[in-house]
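# Per-entry structural report
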Amino acid sequence: MDQITHLINGRAAASTSGRTSPVYNPATGAQSAEVGLADTAEVAAAVQAAADAAEGWRATSLAQRTKLMYKFRNLVDAHIDDIAAKVTAEHGKVLSDAAGEVARGLENIEFACGIAESLKGSYSESASTGVDVHTVRQPLGVVAGITPFNFPVMVPLWTIPNAIACGNTYVLKPSERDPSAPMFLAELFHEAGFPDGVLNVVNGDKVAVDGLLEHPEVKAVSFVGSTPIARYIYETGTARGKRIQALGGAKNHMIVLPDADIDLAADAAVSAAYGSAGERCMAISVVVTIGDVADPLIDAIQTRTKALTIGDGTDPSSEMGPLVTREHRDRVAGYIDAGAQAGAKIVIDGREQEFDNDGFFLGASLIDEVTTDMSVYQDEIFGPVLTVVRTDTYEEAVALIANCPWGNGAAIFTRDGGAARQFQADADAGMVGINVPIPVPVGYHSFGGWGESLFGDTTMYGPEGVRFFTRPKVLTTRWPDPSTSTVDLGFPKNE
Ligand code: NAD
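Remember, it's a predicted structure, so these values are computed and weren't measured experimentally. (Residues numbered from 1 in each chain as written. Predicted model: local features only at pLDDT ≥ 70, side-chain atom pairs only at ≥ 80, totals over all residues. Heavy atoms only, no water.)

What follows covers the domain arrangement of the protein. Under the domain assignment, the protein is made up of domain 1 (2–248 + 453–476) and domain 2 (252–434). When each unit is reduced to the centre of its C-alpha atoms, the spacing between domain 1 and domain 2 is 31 Å. Ranking the residues of domain 1 by area buried against domain 2 places A27, V94 and S453 at the top, with a combined share of 27%. Applying the counting criterion to the domain 1 and domain 2 interface returns zero salt bridges. Those elements that provide at least two residues to the side of domain 1 that touches domain 2 are helix 3 (80–91) and helix 4 (95–113). (Domains from an automatic or database assignment. Buried area = accessible area lost by both parts, 1.4 Å probe. Salt bridge = Lys/Arg side-chain N within 4 Å of Asp/Glu carboxyl O. Helix = DSSP H or I, 4+ residues; strand = E, 2+ residues; numbered from the N terminus.)

Turning our attention to the environment of S365. With respect to the element layout, S365 can be found in strand 16 (residues 365–368). Each residue touching S365, except ones within four places of it in the same chain, is listed here: Y274, I336, I348, D349, G350, P384, V385 and L386. A distance of 2.8 Å separates the side chain of S365 from the backbone nitrogen of G350, its partner in a polar contact. (Contact = heavy atoms within 4.5 Å. Polar contact = N/O pair within 3.5 Å; in protein donor to acceptor, adjacent residues only side chain to side chain.)

Where charged atoms from two side chains of opposite charge come close, those side chains can pair. For the structure shown, the criterion picks out 18 salt bridges. Note that E110 is salt-bridged to R73, the shortest N-O span being 2.9 Å. Taken together, the positions of E110 in helix 4 and R73 in helix 2 (residues 62–78) put the pair 37 residues apart, joining distant regions of the chain. With a relative accessible area of 37%, E110 lands in the partly exposed category. (Buried < 20%, exposed > 50% of the residue type's maximum accessible area, 1.4 Å probe, protein only.)

For the structure shown, the criterion picks out 12 aromatic pairs. Consider the rings of F149 and F382, whose centres lie 5.9 Å apart with planes at 90°: the pair is edge-to-face. Placement of F149 in the loop between strand 8 (142–146) and helix 6 (154–165) and of F382 in the loop between helix 13 (375–378) and strand 17 (385–391) is noted, with a sequence separation of 233 residues between them. Grouping residues by exposure puts F149 and F382 together as buried. Between the aromatic rings of W158 and F447, the centroid separation amounts to 4.3 Å while the plane-to-plane angle is 35°, which identifies the pairing as tilted. Of the two residues, W158 sits in helix 6 while F447 sits in the loop between strand 20 (431–434) and strand 21 (450–451), which places them 289 residues apart along the sequence. A relative accessible area of 3% places W158 in the buried class. Taken together, the aromatic side chains of W57, F72, F189 and F194 make up a single cluster linked through ring pairs. Over the face of the ring belonging to F184 we find K86, whose NZ or CZ atom lies 5.1 Å from the ring centre. (Phe/Tyr/Trp six-rings, centres within 6.5 Å; stacked < 30°, edge-to-face > 60°. Lys NZ or Arg CZ within 6 Å of the ring centre and 35° of its normal.)

On to the packing of helix 14 (residues 394–403) against helix 15 (residues 417–426). Close contact between helix 14 and helix 15 brings their axes to 11 Å; oriented N to C, the two are set at 30°. By the criterion of interaxial angle, the relationship of helix 14 to helix 15 is roughly parallel. Along this stretch, helix 14 crosses helix 15, giving a crossing that reads as right-handed. Between helix 14 and helix 15, the residues in contact are Y394, V398 and I401 and Q422, F423 and D426, respectively. (Axes fitted to C-alpha atoms, helices over the stretch in contact; angles between N-to-C directions. Parallel < 35°, antiparallel > 145°, perpendicular 65-115°, else oblique. Left-handed = near helix turned anticlockwise from the far one by under 90°.)

What follows concerns the side chain of K251. Mapped onto the secondary structure, K251 falls in the loop between strand 12 (243–247) and strand 13 (252–256). Although buried, K251 forms no salt bridge, and the nearest oppositely charged side chain, D379, lies 7.1 Å from it. Within polar-contact distance, the side chain of K251 engages the backbone oxygen of D379 at 2.6 Å. For K251, the contacting residues outside a window of four places in its chain are S285, V286, V376, Y377, D379, E380, I381, C404 and W406. (Lys, Arg positive; Asp, Glu negative; His and termini not counted.)

As a further point, take the sheet that holds strand 23 (residues 470–478). Taken together, the three strands give an open sheet; going across it, the order is 6-7-23, and neighbouring strands pair in antiparallel fashion. If you trace the sheet from one side to the other, it starts and ends with strand 6 (122–128) and strand 23, each paired once. Taken pair by pair, the neighbouring strands of this sheet meet at an average axis angle of 25°, ignoring direction. (Pairing = 2+ DSSP bridges.)

On to helix 12 (residues 326–341). The end-to-end C-alpha distance of helix 12, which contains 16 residues, comes to 23 Å, matching closely the 22 Å that a straight helix rising 1.5 Å per residue would cover. Of the residues making up helix 12, those classed as buried are H328, R329, V332, A333, Y335, I336 and G339. Taken around the axis of helix 12, the buried residues stretch over an arc of 140°, which confines them to a single face. Pointing more than 90 degrees away from the buried face of helix 12 are the exposed residues E327 and Q341. (Expected span 1.5 Å × (residues − 1). Arc of directions from axis to C-beta.)

A few words now on the site of the ligand. Around the ligand, the structure places 27 residues, and the nearest of them are K173, E176, S226, G248 and E380. At 2.8 Å, a backbone N or O of T147 approaches an oxygen atom of the ligand. Separating an oxygen atom of the ligand from a backbone N or O atom of F149 is a distance of 3.0 Å. For the ligand, whose free accessible area comes to 840 Å², the fraction covered by protein is 89%. Where the shell around the ligand is concerned, the elements lending two or more residues are helix 8 (206–214) and strand 11 (218–224). Split by residue class, the shell around the ligand holds 14 nonpolar, eight polar and five charged. Built from parts of two domains, the shell around the ligand gets at least three residues from each of domain 1 (2–248 + 453–476) and domain 2 (252–434). (Near = heavy atom within 4 Å. Areas by Shrake-Rupley, 256 points an atom, 1.4 Å probe, with all protein chains shown as cover. Nonpolar A, V, L, I, M, F, W, Y, C, P; charged D, E, K, R; others polar.)

Below, the structure written as structure tokens:
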């Protein structure tokens, strides 16, 4: 059985806690590895390595930091397929999705290659006579990232490049369900030539997370995961004086107006609902129809959903893979029953699809006539279950989004420019798509939702990421009157 270690101070470090967690191949259901779960002392060793590296790294020139970041970028780019294979082997998503997540992660490394531009600061000449004021942004010290299972490469890359390019040193605590891909990423990082201790990885669970939250040397924590844990991280971390950004769960709505292109909307709904088996925080989980678009749209979605090829993510013909664990698959399947019991119409029941292996597979489900009091509407299902809420008016549809506790993404499908523009203003969500179902911002904008999708006041990556990982210092300087200078500057002397 493969043993997955930590990476501390540039070296693999086997866990000494005696606690481990199984890692599975979700496509076969077989255990593929065992990951050591760090105790507080192991976390402290990783933080110490990062603290020891902090002074030297902070003093490293922007030119050198940039050079190393470019090397890292090129290594990740050269290994996209290897990284994707590791993601698929432990997460289950199809290889093309896994390669897509590496590509999105690369955008963040590329943004960090431009760190010299982001850290230029600002300067006010002659704020007062002989007085100049300028602002610089300086690193925080040791920072930590705690990441979810569903994007084991992309989400760590949301923060590692900016945090480190800004001069911080970093401890990553990836999800214990699929730790091999982030470990490989950290190995590539060292291969690029970054000094030991600048990036460390500790594998673990709540014990490791609490170790990071309690450690006084950790100045900031960037978290992505479910809402209850995001809230816990935010409350615990801020109570200890740390800077926290904690992104939580989601329930994203896609409104379809009667004038929408039905084929475009149906294609978008199917790929956004069932891609990565619905295990995406930007997945569409509720289609909101307005008026008589409902029947033709649901027919079009149904036809496409039934045609989906579900299978092992390594098979190029697969469009959707398994869920991450058996327990999660069973939990998701439970919602189909709950929907039926509550009176919703099960148009496609994913439980009826049979798979001839022990993988954690579940067919795609489509549930119509859903109302807001049902658990299929109220909970984040995080699986391949698309619900449909039928409304009569735009106001009703927009109110659904406003009343949802999460506000990660929202989308509208329409050919009407005026309606689209109005939705831009009305949508209660941090990321909005117009005829785009999954509006994940590019690396030079920033990512984050509203409501219970984000605790804290800074979104992730891009310019906001640089702001999160630096603190401003304002310098006010008074210079002598040039007429008193010992060098002759040509000014009349004030004798
Ligand atoms: P999770 O909250 O279970 O785990 C996230 C991280 O927290 C992991 O590293 C895990 O080890 C740790 N953790 C788990 N339980 C903990 C506890 N009790 N105390 C301290 N730490 C704990 O999330 P997940 O199942 O890995 O990921 C799926 C969730 O992440 C979904 O809710 C999804 O919407 C969300 N997500 C959100 C975004 C976003 O940008 N808002 C992006 C990706 C995923």
